[in-house]
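As a plain string of letters, each chain reads:
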Amino acid sequence: MLNKKEGNRSGLIVLIDPDKIKVEDVISKVNIYQEQGAIAFFYGSSQPVKNDIHAIAKEIRACAKIPLILFPGSSEQVTPYADGILFITLISGRNPDYLIEHHVKAAPFVKKMGLKVLPTAYLLIECGYRTSVERVSKTQPLPSSNIPNIVAHALAGEMIGMRYVYLEAGSGAKNPVSPEIIKAVKAEISVPLIVGGGIRTPEYAKTLVEAGADFIVVGNVLEKSDDKEIVRKFAEAMK
Ligand code: 1GP
């Protein structure tokens, strides 16, 4: 489901937060993002969602030509209006709710809805302040200075059988994941590496891709930027 475009080193994924988009803006935004080179949409929030999560997903799916993949902060964010779901396990933390409880709650629905499942080892990396993932999940991020420990977590995720490793600095992170961490993780794992959180410039995305990131996730910067070509610039930089 997550495929790089032919000839590209990496793929750009746009995160759509259901609480940060209006239903009436969905069509124009989705069209801009996909025309400018995004390869997939992630959809979800680390916080409880107030908007109608199903209605917005339905609208996105109706006009999306690229996969719409749920990136749920909890089992309550599962909707049938998607192509797949990142079945995330927060293995950087030790909270059983995010290691198995939400999975058990969601599994029967995911099966019934026929969503394609992408089992994902999700590692929260310290970014300089307390992120909403940290607050909501009541877990500690992995210290960014202890790279062997981050690599060990990623490896454990792969050995357990997870098909993707996701290094997350947190939405709006001041310090995104560093190229050094990506390089060290990529050298040890063989599954695709997704990186997100606080990535603000195409240049930084390029550095991360050169370090070994297979997929880069951006969210906040698109909502805040006035540059109408920003997605194209990210996609171009990552080729
Ligand atoms: C995806 O949470 C991130 O991994 C998105 O972060 O909103 O900071 O781009 P930003």
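The written sequence of each chain sets the order in which its residues are numbered from 1. pLDDT decides what is reported in this predicted model: residues at 70 or higher carry local features, side-chain atom pairs at 80 or more are listed and counted, and totals for whole chains, interfaces and linings draw on all residues regardless. Excluded from the side-chain calculation are hydrogens and water; included are all heavy atoms of the structure.

Student: Give me the pairing of strand β8 (residues 215-218): which residues, what numbers.
Tutor: Alternating residues of β8 divide into Phe215 and Val217 and Ile216 and Val218, and every residue in both groups is buried. Between any two strands, pairing holds if DSSP finds at least two bridges. Strands here mean DSSP runs of E at least two residues long; helices mean DSSP runs of H or I at least four residues long; both are numbered from the N terminus. Where strand β1 (residues 11-16) lies against β8, 4 bridges are found, and the strand directions are parallel. If you follow Gly11 over to β8, its bridge partner there is Phe215. With 3 bridges connecting them, strand β7 (residues 193-196) and β8 associate as parallel partners. Following the sheet pairing, Ile194 is matched in β8 by Phe215. Any residue under 20% of the maximum accessible area for its type is buried, any over 50% is exposed, and the rest in between are partly exposed; the area is computed with a 1.4 Å probe on protein chains only.

Student: Provide a residue-level description of empty space enclosed by the protein, including the pertinent values.
Tutor: Cavity means a closed set of points on a 1 Å grid over the protein atoms alone, one where a 1.4 Å probe fits but cannot get out, pocket means an open set with protein on both sides within 12 Å along at least 5 of 7 lines, and lining means a residue has an atom within 4 Å of a point. Grid points are joined across faces, edges and corners, and a volume is the space filled by probe spheres set on the points. Under the criterion given, the structure shown has 1 cavity of 30 Å³ or more. Of the pockets and cavities examined, the largest cavity occupies roughly 70 Å³. For the largest cavity, the full set of lining residues is Val14, Leu15, Ile16, Asp17, Lys20, Ile21, Lys29, Tyr33, Gly219, Leu222 and Glu223. For the lining of the largest cavity, the elements supplying multiple residues, two or more each, are β1, α1 (26-35) and α8 (220-224). With 3 residues, the top contributor of residues to the lining of the largest cavity is β1. In terms of residue class, the lining of the largest cavity is built from 6 nonpolar, 1 polar and 4 charged. Each residue gets one of three labels, nonpolar for Ala, Val, Leu, Ile, Met, Phe, Trp, Tyr, Cys and Pro, charged for Asp, Glu, Lys and Arg, and polar for the others, Gly among them.

Student: Now, about the pairing of strand β6 (residues 164-168): what can you tell me, with residues and values included?
Tutor: With 5 of its 5 residues buried, β6 lies for the most part within the structure. Side chains Tyr164, Tyr166 and Glu168 project from β6 onto one buried face, and the interleaved Val165 and Leu167 project onto a second face that is buried too. Strand direction decides the pairing type here: strand β5 (residues 116-124) and β6, joined by 5 bridges, are parallel. Within the sheet, the bridge partner assigned to Tyr122 lies in β6 and is Tyr166. With its strands directed away from the observer, a crossover is right-handed exactly when the path from the first strand over the helix to the second travels clockwise. Taking the sense of rotation as the criterion, the β-α-β connection linking β6, helix α6 (residues 179-188) and β7 turns out right-handed.

Student: Run through the packing of aromatic side chains, naming residues and quoting values.
Tutor: For this analysis, a ring pair means two rings from Phe, Tyr or Trp (six-membered ring only for Trp) whose centres lie within 6.5 Å, classed as stacked if their planes differ by under 30 degrees, edge-to-face if by over 60, and tilted for the remaining angles. Across all of its chains, the model carries 6 aromatic pairs by this definition. Taking 5.1 Å as the distance between ring centres and 85 degrees as the angle between the ring planes, the aromatic pair formed by Tyr122 and Tyr166 counts as edge-to-face. Residue Tyr122 is found in strand β5, and its partner Tyr166 is found in strand β6; the two are separated by 44 residues along the sequence. The exposure class assigned to Tyr122 is buried, which follows from its relative accessible area of 7%. An aromatic cluster of at least three residues, connected via ring pairs, comprises Phe42, Phe71, Tyr122 and Tyr166.

Student: Explain the sheet that holds β7 to me, using residue names and the numbers behind them.
Tutor: If you walk around this closed barrel you meet the 8 strands as β1-β2-β3-β4-β5-β6-β7-β8, and the pairing is parallel. Pairs of neighbouring strands in the sheet enclose a mean axial angle of 30 degrees, with direction left out of account. Between N-to-C directions, angles cover 0 to 180 degrees, with each direction set by a line fitted to C-alpha atoms, over the stretch in contact for helices.

Student: Please set out the environment of Ile147 residue by residue, giving values where relevant.
Tutor: Within the secondary structure, Ile147 is located in helix α5 (residues 147-160). The sequence separation of Ile147 and Ile160 amounts to 13 residues, and the corresponding C-alpha distance is 20 Å. Residues count as neighbours in contact if any of their non-hydrogen atoms are within 4.5 Å of one another. With residues near it in sequence (within four places) discarded, Ile147 still touches Glu180, Ile181 and Ala184.

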